[in-house]
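Descriptive analysis of the structure
In case you want the letters, here they are:
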Amino acid sequence: MLKLEDVNTFYGYSHILQGVSLEVKEGEIVVLLGRNGVGKTTTMKTIMGVQPPKSGKIQLFGDDIAGLPPHKVSRKGISLIPEDRRIIPNLTVLENLRLGSLMHTKPDERDAMVEMCFNYFPRLKERIKHLGGNLSGGEQQMLTIARGLMTRPKLMLIDEPSEGLAPKIVHEIMEIIKQLQKDGRTIMLVEQHMEIAMRL
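Take unusual backbone geometry next. One non-glycine residue, Phe61, lies in positive phi territory at about 50 degrees. One can find Phe61 in the loop between β4 (55-60) and β5 (63-64). In the Ramachandran plot, Glu160 falls in the positive-phi region, its phi being about 50 degrees despite a non-glycine side chain. Of note, Glu160 is situated in the loop between β7 (155-159) and α7 (167-182).

Quick look at the structure:
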């Protein structure tokens, strides 16, 4: 599904990704492990087009996507769930979800997509009218993943979903990620904690 070959990415003069090659097959969960600063998030940003590579190949189903702008990468079927969540704090849960579907679904399909997200995250349905900024950290993480689902992705890039969350919430979110994979989604995940990664 996704293939990186000899990818090199820079921030200014800093050579961050040095000859990275990896492959994600359809239906897999692939976890990038490592301490802070080794380039895990940069790998995801490079795939997504946020930080384009200076050289190397990035292919999605055989199509070269290296250097495409993020909105075009998204239209090809990749969704990025960032570590810092980036929900819109003054929009409700429902409005945040609908925002995620604007480029990818027809208006008459959006309600069904929202219901699908609520099946994975029933707690969000309970908070449907709450502002994003008033949600707990775990609920914001759920909303970020659900918003990514609204784009109907073939591949989900999920960056540090356990960051700053209580163990009980981490377990709940990991179970949902496993269910997403069982339901046919391909997932590439950045994680620092070996135990969580091995459980997935």
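Right, picking up where we left off after that structure.
Okay, the sheet that holds β7 next. The parallel open sheet is built from four strands, whose spatial order is β3-β8-β7-β6. In this open sheet, the two strands that pair with only one neighbour each are β3 (29-33) and β6 (78-81). Taken over all neighbouring pairs, the strand axes of this sheet differ in orientation by 15 degrees on average, direction set aside. For β3 and strand β8 (residues 186-191), the ladder comprises five bridges, and the chain directions are parallel. Its bridge partner lying in β8, Ile29 is registered against Ile187. Most of the contacts of helix α1 (residues 40-48) go to β8, to which it runs at about 145 degrees, and overall it touches β3, β6, β7 and β8.

The rules behind each value
Residues numbered from 1 in each chain as written. Predicted model: local features only at pLDDT ≥ 70, side-chain atom pairs only at ≥ 80, totals over all residues. Heavy atoms only, no water. Helix = DSSP H or I, 4+ residues; strand = E, 2+ residues; numbered from the N terminus. Pairing = 2+ DSSP bridges. Axes fitted to C-alpha atoms, helices over the stretch in contact; angles between N-to-C directions. Contact = heavy atoms within 4.5 Å.

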